[in-house]
Every structure is written in C-alpha cells, then in structure tokens.
Amino acid sequence: MRFSYAEHFICDDCAKTFPLGLLNACPECGGLLETVYDTDSMRRELKRDVFSARREPGFDFGRSLWRWHEFYPVRTPEAVVSLGEGDTPLVRSRAVAKRLGLKDLRFKNDGLMPTGSFKDRGFSVAVSFAGEHRCRRGFTYSSGNAGASFAAYARCADLDAIILVEYLANPLKTAMINLYGTGAVRLDFTGMEEITTMLEEADRTLGLYQFVNFLNPVRHEAMKSYAYEISEELGWQAPDVMIHPIGTGGGIHGAWKGFRELAALGWIEALPRMVGVQPAATEPIVRAFRAGEQSAGKHGDPAATIAQSIAADSPMHGGRRALKAMRDSGGFAESVTDEEILEAVRWLGEDGICAEPSSAVTVAALKKAVADGRVGENDRTVCVITGNGLKQPSALERAIPKARHSVNANIRDLEKLVETLWGRDR
Ligand SMILES: *Cc1c(COP(=O)(O)O)cnc(C)c1O
Ligand SMILES: [Zn+2]
C-alpha cells in the first residue's frame, strides 16, 4: 500500500494533465484543476476494513481525516499537519426529525473542529500538501472561517501567510486569525467580482501560491472525507440525501467526489442526492440551477443576510462544480430567508446542536423540501453542520429570546423562581 494513490492534476476545461505541485489554476487555459487517482490499484490494494481499524489507538494521526490518507494528494507522512480535524459526530436527530416526520435524520457536526468550522478539513490537507512541495508563503481571502483555519494550520507549518478578511467579518473571527499569529488584513470592496478578478489576476501575475477554494486544487479533496466518514458510520451505505450549505461549493463538490470514489471501489452501492443551499438574499447558484444553466452569474447582496459564511454573489468559475454535483446526483438547490434560518438555529438547539446560521440553512431547506415532497419520510438524510454557532454570537442572540428572569443569590428568591416557573407541585 502506498501513502497516497494520487497521480496528477487534470484541468476541468482543457483536460491537460500536470504533475502534482504548487499550481493554482491551469497554466494553459485558467481552468480549475482536479486530482486524479490510480483507481485500478486502489481497487486491488485497498480494503475498507483497514480504514475502520485505524480508529483504534496506535494509528499515527489519531482519529482524524488522515485515516483516509490514501485518498489525498499528500505523498509523505512527514508532511502531515494535523490538529485532529475530521471524524466528527454524526448525531441522530430527535427533535427536528419529529417536527418534520422523518425516520432517520442526522447532523454531521463539524462545529466541533479545531477552529470551529469544517474549513479545517481543507486546510489540514492543503497546508500539508503545500509544505510537502516546499511552499514557504501563501495567501487566502476569507469571510472569516477560512481565515481562522488557514491561520492555525499555517502557524503549525511555519508557513508565512497573508489573510485578507472581508470587512463584513465579525470581530471574533478576526480575533481568532490574529490569535494564531497571522495578521488579518481587512479587505474592502464594493462588489465581490472585484475579489474574484483580483484573485485570478494574482495567479497570473504575482506568482503567489493561493489557498482560495478551487483556485487551490487541494482544499476540496479533503471534503471527500465526509463521504468516507458518513458511509462508514452508516455501515457502508451512503445516505439518500446530503444537504450542504454552498458558498463556493467546495464542500458539496468534494463530498460528491468522495461518494463517487467509494462507489467506484465497490464499497457503497447507491449514491446520495446532493442538495445545496444558499441564502435568498444572494443565491446565484440556486438561480442557475433552477434555470437549467451550467454556470451562475452574479446575484444579490452579500451584506443582506445573516448567513455570513456563505454570502457570495459571484461564484468562482460560475459555481459549475456545485451545479454539476447537484444535477448529476439528482439533487436540487434551495434558498432560505434569514427568518427561516433563525428558526432552524432554534430547532437545532432542541437537538443539542449549536450551529452558525450558515449551517442552519440546511435544516431550513430540509423543512421546505419535506413540505413539497422532495425529501420523503423514509429518506435517510444528513445535514452538514459546517460551523459552530459560537463563531457568530450576535446571531444566536437574534435567534433566541433573552432570559426573562433574574434572582439574587438567596434561597427565598430561588424558591420564588421555582414556584413561578413550575408551580408548587414539584
Ligand atoms: C465556508 C463555509 C461554508 C461554505 O463552504 P463552501 O465550500 O465555500 O461551499 C459553509 N458554512 C460555513 C460555516 C463556512 O465557513
Ligand atoms: Zn486547462
């Protein structure tokens, strides 16, 4: 068995191949790069039980997404930078499942990651890969979560980082980036196309290695681990429906790639329907999906929604990869309003989950899909909870009513409170 079965990069658009290395977009045509694996050898040499056995003590990288290292482009174990990302709980819903009349609903709770969001999957693999290819400097742009994650992993890898953070990012996220020892640089702009254009030009002119989703061909490879972890936990079956928030679409695209790999290896039989969710205030990919288009244009106002982490009005390369994942899988796209999102935040609380609004969108979309029959009571469904609600405290305060009672620290007050709330009959 090899540490990695990755072979080379291939361009989505011109199909030219390139050796694994510090490339962003395709040097020939500017298309996006994808990693190709030696699937024939994988089918012969890999046994799925080996991966489950690595959950036991003794595996070099603990319980992390590195259990599946054969499926990533990092070729040397020494290059791995890990903080224990991945292998998050798949929590069975009681409250939301009951509300919606679903037999089997689960939450993949990535709010429990080292920096509180699913971005850690991508940065662990991308920073490890970059280090393996002797990258010393890198930069990314972020609405907050990617910045915090990149800052943490870059610090652990001694990589010099520039992190451009949207002026809309909340102060807590910026503070987290600074905590890891990388200065967050405030990024002002009038429209997000300016950012996309700047990033694509940076690739052509500055020669800086970028960690921006999709321009960096490695980050989304790590999102395949959703498919591995969830299928394994369901007894080597994919769920019927997977619901992801969509910002760039790296999460949904990566997970879909992972499920297809497992099917190609014969480890799972059926594939899930992939569902992507955006905020109604800025829903370019949802609109393109509904219109049957291959590529999304610009739509909406990123400042007009509480779902900060997925508020994007001009998707990289037209969101084509996300559109393809939803279409090829027989899934769909949905958008939800802030009001629907806040209700979903409260509902998740009933199941013990503290979610960022950008993650609660999955539950808000599920409610709509159940109402019109796109998801049925027997569909085994997984909502990906991509970020921890603690990362956006002001949204929690908006979602939940303020405490209505207060007491002084004495037994009289306490007794009165108990009586007020529960009556005399205990
Ligand atoms: C970045 C982010 C997303 C969007 O992920 P993409 O891969 O860009 O689609 C969703 N939720 C949270 C909490 C995020 O930080
Ligand atoms: Zn190309």
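Higher on the page you've got the structure.
Residues numbered from 1 in each chain as written. Chains lettered and ligands numbered in written order. Predicted model: local features only at pLDDT ≥ 70, side-chain atom pairs only at ≥ 80, totals over all residues. Heavy atoms only, no water.

1. Some remarks on the coordination of the zinc ion (ligand 2)
Think of it this way: four donors in a tetrahedron around the metal ideally sit 109.5 degrees apart, and six in an octahedron ideally sit 90 or 180 degrees apart.
Phase 1 of the analysis: Note on the zinc ion (ligand 2): its protein donors are Cys11 (SG), Cys14 (SG), Cys26 (SG) and Cys29 (SG). The metal-donor distances range over 2.3 to 2.4 Å.
Phase 2 of the analysis: Here the zinc ion (ligand 2) binds four donor atoms, and the angle range of 99 to 116° at the metal identifies the geometry as tetrahedral.
Phase 3 of the analysis: Judged by its relative accessible area of 5%, Cys26 falls in the buried class. (Donors = N, O, S within 2.8 Å, 3.2 Å for Na, K, Ca; no water. Tetrahedral: all angles 85-135°; square planar, octahedral: opposite > 155°, others 65-115°. Buried < 20%, exposed > 50% of the residue type's maximum accessible area, 1.4 Å probe, protein only.)

2. Some thoughts on the nonpolar core
Phase 1 of the analysis: The biggest cluster of nonpolar side chains holds 119 residues, and the ones touching the most others in it are Phe71, Phe107, Phe150 and Phe211.
Phase 2 of the analysis: Once you skip the residues sitting within four places of it in the chain, Phe211 turns out to touch Phe123, Ala126, Val127, Ala130, Gly138, Phe139, Thr140, Phe150, Leu159, Asn216 and Arg219.
Phase 3 of the analysis: Ranked by size, the runner-up nonpolar core spans 16 residues in total, among them Leu32, Leu164, Leu187 and Leu215. (Core = buried A, V, L, I, M, F, W, Y, C linked by side-chain atoms within 4.5 Å. Contact = heavy atoms within 4.5 Å.)

3. Observations concerning the sheet that holds strand 2 (residues 17-18)
Phase 1 of the analysis: With antiparallel pairing, three strands are arranged side by side in an open sheet as 2-1-3. The sheet is open, and its two borders are formed by strand 2 and strand 3 (33-37), each paired with just one other strand.
Phase 2 of the analysis: As paired strands, strand 1 (residues 6-11) and strand 2 are joined by two bridges and run antiparallel to one another. Across the sheet, the residue bridging to Phe9 is Phe18, located in strand 2. (Pairing = 2+ DSSP bridges. Helix = DSSP H or I, 4+ residues; strand = E, 2+ residues; numbered from the N terminus.)

4. Quick look at the packing of aromatic side chains
Phase 1 of the analysis: Summed over the entire model, instances satisfying the criterion amount to 18 aromatic pairs.
Phase 2 of the analysis: On the numbers, 5.1 Å between centres and 5° between planes, the contact of Phe51 with Trp68 is stacked. Taken as a pair, Phe51 in helix 2 (residues 48-53) and Trp68 in the loop between helix 2 and strand 4 (90-92) lie far apart in primary sequence, 17 residues in all.
Phase 3 of the analysis: Overall, the relative accessible area of 0% leaves Phe51 in the buried class.
Phase 4 of the analysis: Trp68 gets classed as buried once you look at its relative accessible area, which sits at 0%.
Phase 5 of the analysis: Look at Tyr209 and Phe211: their rings are 5.1 Å apart centre to centre, the planes differ by 80°, and that puts the pair in the edge-to-face class. For the pair formed by Tyr209 and Phe211, the shared burial category is buried. (Phe/Tyr/Trp six-rings, centres within 6.5 Å; stacked < 30°, edge-to-face > 60°.)

5. Observations regarding the site of ligand 1
Phase 1 of the analysis: The environment of ligand 1 is formed by 16 residues, the closest being Lys119, Gly247, Thr248, Gly249 and Thr386.
Phase 2 of the analysis: The side chain of Lys119 places a nitrogen or oxygen atom 2.7 Å from an oxygen atom of ligand 1.
Phase 3 of the analysis: One nitrogen or oxygen atom from the main chain of Gly250 is found 3.2 Å from an oxygen atom belonging to ligand 1.
Phase 4 of the analysis: Here ligand 1, which alone exposes 380 Å², has 96% of that area covered by the protein.
Phase 5 of the analysis: Partitioning the shell around ligand 1 into residue classes produces four nonpolar, ten polar and two charged. (Near = heavy atom within 4 Å. Polar contact = N/O pair within 3.5 Å; in protein donor to acceptor, adjacent residues only side chain to side chain. Areas by Shrake-Rupley, 256 points an atom, 1.4 Å probe, with all protein chains shown as cover. Nonpolar A, V, L, I, M, F, W, Y, C, P; charged D, E, K, R; others polar.)

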